[in-house]
There are 2 protein chains.
Amino acid sequence: MGGLHLIGLGLGNEKDITVNALEAIRDKCAHVYLENYTSVLAASPSKLEEFYGKKVTICDRAFVESNGVDGMLTQAEKEDVAFLVVGDCFAATTHSDLVLRAHEKKVKVKMYYNASIMNACAGSGLQLYNFGKTVSLCFFTPTWKPDSFYDSIKMNKVNGGLHTLVLLDIRVKEPTVEALCTGKKIYEPARFMSVSTAARQMLYVENEVRKEGVYDEDSIVVATARVGQEDERFISCTLKEMCRVNAGGPLHSLILVGTEVHELEENMLKHYRAKPEDFYPEGEEPESQYLEDGVL
Amino acid sequence: MGGLHLIGLGLGNEKDITVNALEAIRDKCAHVYLENYTSVLAASPSKLEEFYGKKVTICDRAFVESNGVDGMLTQAEKEDVAFLVVGDCFAATTHSDLVLRAHEKKVKVKMYYNASIMNACAGSGLQLYNFGKTVSLCFFTPTWKPDSFYDSIKMNKVNGGLHTLVLLDIRVKEPTVEALCTGKKIYEPARFMSVSTAARQMLYVENEVRKEGVYDEDSIVVATARVGQEDERFISCTLKEMCRVNAGGPLHSLILVGTEVHELEENMLKHYRAKPEDFYPEGEEPESQYLEDGVL
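Predicted, not measured: the structure shown is a model, and the values here were computed from it.

Conventions adopted
- Residues numbered from 1 in each chain as written.
- Chains lettered and ligands numbered in written order.
- Predicted model: local features only at pLDDT ≥ 70, side-chain atom pairs only at ≥ 80, totals over all residues.
- Heavy atoms only, no water.
- Least-squares fit on C-alpha atoms with pLDDT ≥ 70 in both.
- Contact = heavy atoms within 4.5 Å.
- Disulfide = S-S within 2.5 Å.
- Buried < 20%, exposed > 50% of the residue type's maximum accessible area, 1.4 Å probe, protein only.
- Helix = DSSP H or I, 4+ residues; strand = E, 2+ residues; numbered from the N terminus.
- Pairing = 2+ DSSP bridges.
- Axes fitted to C-alpha atoms, helices over the stretch in contact; angles between N-to-C directions.
- UniProt positions renumbered as here; feature names shortened; annotations may be inferred.
- Polar contact = N/O pair within 3.5 Å; in protein donor to acceptor, adjacent residues only side chain to side chain.
- pLDDT = per-residue confidence, 0-100.
- Domains from an automatic or database assignment.
- Phe/Tyr/Trp six-rings, centres within 6.5 Å; stacked < 30°, edge-to-face > 60°.
- Lys NZ or Arg CZ within 6 Å of the ring centre and 35° of its normal.
- Arc of directions from axis to C-beta.
- Buried area = accessible area lost by both parts, 1.4 Å probe.
- Salt bridge = Lys/Arg side-chain N within 4 Å of Asp/Glu carboxyl O.
- Nonpolar A, V, L, I, M, F, W, Y, C, P; charged D, E, K, R; others polar.

Draft legend 1. Looking closely at the relation of the copies chain B and chain A. Of the transformation superimposing chain B on chain A, the axial component is 0.0 Å and the angular component is 180°, with the fit at an RMSD of 0.0 Å. This pairing of chains is accounted for by a two-fold axis. A share of 100% of interface residues in chain B that are also interface residues in chain A marks the association as one of identical surfaces.

Following this line, the structure appears as structure tokens:
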């Protein structure tokens, strides 16, 4: 028969998969693919292979842009195939293009949902009901500083004083300039935006570009770091303070707290209030965050 | 040492728990509690007990309103205690009050995130990025027809043409009128709002109460039914058609599709378009949805 099993791996290590999904991989699937360019799991592919007892094929950008997906769907016409996504399959990164292509080929699709930063950010104590539209923040360059996120934050604020989840840029397997010129397969080191970079970019847009007072240095924000992992952190402070918060390794997201805050939320924010040791030492300039080569 | 393990069970059966959470229950926890009044799992508590090899104590409204939670937290000061929540622990129903009370008692809290309707609704193909604030819809009574949800839908529409997830009322272990008068422990049968009831209530508010044209009979909506379970369904149609859609057993939610729809979303909506067999037969009046007594 065959079929495509779309499996969310959750946010932590190899054991944050659901039992149902694990059984599908172990007992049914002839081929296992791992989507590996929009997020990062706290477990290496080899760890996954060991835990599943199956070979795992990495799908990077090149795989998706080549005919790799077609090949996978052709397999799924006859055999059960698993497509693994860090977090949930549909939440932070949508894979509905894959579902539609499967439907075209009459391949049966089964989904295994899991946690995503889009719901697990509620571990901060801020209630999902009180969030407006989610936005994304890209790494700025000297010549490219997209600020469209500002409009959505404004909209969330004006309409009910809602919180905004700000998802931060991830650059995995980006070709280097040399690679682009020569066609060689050389990649930039994986790069993940930190909350301090995000806070500085947000203040830059408010103070230098838009100046509409949608937020300011005193706005309350929450850093979410490595949510779902053993060392997950939630840190609340002002946006100005966040520019110097050291939240540790990736992944980070940022929540801009709305103007309507429930008492329970207030108490959770107090609980997660930044402590002196959460900041970079005076004079140490925090940088955009890199992961060492080969970690992924 | 002790500690409180807050565990999301996901949306399907007993095997939608993560492997990490299952191991914590099996290997560490002396006591296991199940929060059982805000959602419904497609597995009975006895099924959970069998799968975990542990006794499961049901926490209903009475448990929470009595000093049951205090007793549980006192246990957690010395032993590992699991508190299980259908879906995710923080997404659709917040348990931050429990976390705060644990913090007060210096009880360590560990969270195990899982899928919730708040992210799994993206299985419909509608992208979470394009959702505004989530709203809840209560069962109307002859004298009580709360319509505050309408303002949030309006806000989501005006500001970016965003989708709205509408969570539907659940009534579990509600005392009967007789019980309220006599103090006896008699409960109404569990009751879950169906998408057809929700659609009729929404049209009532638009046509009879607010009349602001925020949506109408031709607005596109998506029914989500039993998301994460074997027989999950997504059905898209107009709001008028939804009044007669039979989406089967609970739980249902409804998505009011926004006015800005991406091409991929459009294609997924087509794929899930209601078929003739998805409607109640002509003349058969769809009722609010009940679960048989004892299913839960």
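So that's the structure; there's more coming.
Draft legend 2. Examining the state of the cysteines more closely. Residues and elements named next belong to chain A. Scanning all chains against the criterion turns up zero disulfides over all chains. Sulfur of Cys138: no disulfide; nearest cysteine sulfur belongs to Cys243 and is 18 Å away. Classification of Cys138 by relative accessible area gives partly exposed; the value is 28%. Cysteine Cys237 shares no disulfide, and the gap to the nearest cysteine sulfur, in Cys243, comes to 8.7 Å. Of the residues examined, Cys237 reaches a relative accessible area of 1% and is grouped as buried.

Draft legend 3. Region of interest: unusual backbone geometry. In this structure, the amide linkage connecting Pro250 of chain A to the following residue, Leu251 of chain A, adopts the cis form with an omega of -5°. Mapped onto the elements of the fold, Leu251 of chain A is located in the loop between α10 (239–242) and β12 (252–256). A positive phi angle is found at Arg226 of chain B, which is not glycine, with a value near 50°. Structurally, Arg226 of chain B can be placed in the loop between β10 (220–225) and β11 (233–238). Look at Arg226 of chain B and you get buried, because its relative accessible area is 9%.

Draft legend 4. Here's a closer look at the sheet that holds strand β1 (residues 3–8) of chain B. Residue and element names in this part refer to chain B. Pairing in this open sheet of five strands is parallel, and the strands run β3-β2-β4-β1-β5 from one edge to the other. Edge strands, defined here as strands with exactly one partner in the open sheet, are β3 (56–59) and β5 (109–112). With strand direction ignored, the average angle separating the axes of adjacent strands in the sheet is 20°. Pairing between strand β2 (residues 31–35) and strand β4 (residues 80–85): five bridges, direction parallel. When the bridges of β4 are listed, Tyr33 appears paired with Phe83. Running at roughly 145° to β3, helix α2 (residues 45–52) makes contact with β2, β3 and β4 of the sheet.

Draft legend 5. Structural context of the UniProt feature "binding site: S-adenosyl-L-methionine" (unreviewed entry) in chain A. Residue and element names in this part refer to chain A. The UniProt record marks Leu11, Asp88, Ala91, Ser116, Ile117, Leu168, Val227 and His252 with the feature "binding site: S-adenosyl-L-methionine" (unreviewed entry), using the residue numbering of this structure. Relative to the assigned elements, Asp88 resides in the loop between β4 (80–85) and α5 (96–104). Inspection of the secondary structure puts His252 in strand β12. At a separation of 3.0 Å, a polar atom in the side chain of His252 contacts the main-chain amide nitrogen of Val195.

Draft legend 6. Local environment of the confidence of the model for chain A. Chain-level pLDDT for chain A is 89 on average; 92% of the residues reach the 70-or-more range. This stretch, residues 290–296 of chain A, has a pLDDT under 50; its non-local contacts, to residues over four places away or in other chains, come to 12 contacts.

Draft legend 7. Examining the domain arrangement of chain A more closely. Looking at chain A, the domain boundaries give domain 1 (3–115) and domain 2 (118–290). A straight line from the C-alpha centre of domain 1 of chain A to that of domain 2 of chain A covers 28 Å.

Draft legend 8. Examining the packing of aromatic side chains more closely. Residue and element names in this part refer to chain A. Taken as a whole and judged by the stated rule, the model has 10 aromatic pairs over all chains. Ring plane angle 40° and centroid distance 5.7 Å describe the contact between Tyr33 and Phe63, whose orientation is recorded as tilted. Highlighted residues: Tyr33 in strand β2 (residues 31–35) and Phe63 in helix α3 (residues 61–65), separated in sequence by 30 residues. Exposure class is identical for Tyr33 and Phe63. Each is buried. One residue, Arg26, lies across the ring of Phe51, its end atom 5.0 Å from the ring centre. The ring of Phe139 has Arg191 lying over it, and the distance from NZ or CZ to the ring centre is 3.9 Å.

Draft legend 9. Broad picture of helix α4 (residues 68–78) of chain B. All names here are of chain B. Restricting attention to buried positions, one finds in α4 the residues Gly68, Val69, Met72, Leu73 and Ala76. Projected onto a plane normal to the axis of α4, the buried residues spread over an arc of 130° and lie on a single side. The elements touched by buried residues of α4 are β1, β2, α3 (61–65), β4 and α5 (96–104).

Draft legend 10. View of the environment of Val222 of chain B. Residue and element names in this part refer to chain B. The residue Val222 is located in strand β10 in this model. Overall, Val222 belongs to the buried group, its relative accessible area being 1%. Sequence separation of Val222 and Ser124 is 98 residues, and the distance between their C-alpha atoms is 7.7 Å. In contact with Val222, other than residues within four places in its own chain, are Ser124, Leu126, Phe234, Ile235, Ser236, Met242, Ser253, Leu254, Ile255, Val257 and Leu269.

Draft legend 11. Representation of the pairing of β2 of chain A in the model. All names here are of chain A. Judged by how many residues are buried, β2 sits mostly within the fold: four of five residues are covered. Across four bridges, the pairing between β2 and strand β3 (residues 56–59) is parallel. Directly across from Leu34, in β3, lies its bridge partner Ile58.

Draft legend 12. Molecular detail of the interface of chain B and chain A. At the interface, 56 residues of chain B touch 56 residues of chain A. When chain B packs against chain A, the two sides together hide about 4,400 Å² of surface, and 61% of this comes from carbon and sulfur. Sorting the residues of chain B by area buried against chain A places Val19, Tyr113 and Tyr129 of chain B first, and these three jointly supply 16% of that buried surface. Between chain B and chain A we count four salt bridges in total. Taken together, the links from chain B to chain A amount to 21 residue pairs in polar contact (both at pLDDT 80 or more). Looking at the side of chain B that touches chain A, the elements with two or more residues in it are α1 (19–27), α5, β5, α6 (117–120) and α11 (263–271) of chain B. Per-element accounting of the side of chain B that touches chain A gives the leading share, five residues, to α5 of chain B. Grouping the constituent residues of the side of chain B that touches chain A by class yields 26 nonpolar, 21 polar and nine charged.

Draft legend 13. Quick peek at the sheet that holds strand β6 (residues 135–137) of chain A. Residues and elements named next belong to chain A. Spatial ordering of the open sheet is given by β6-β7-β12-β10-β11, a layout of five strands whose pairing is mixed. Every interior strand has two partners, whereas the edge strands, β6 and β11 (233–238), have only one. Put simply, the sheet's adjacent strands are angled 25° from each other on average, direction ignored. Here β6 pairs with strand β7 (residues 164–168) via three bridges, running parallel. Bridging from a neighbouring strand, Val135 pairs with Val166 of β7.

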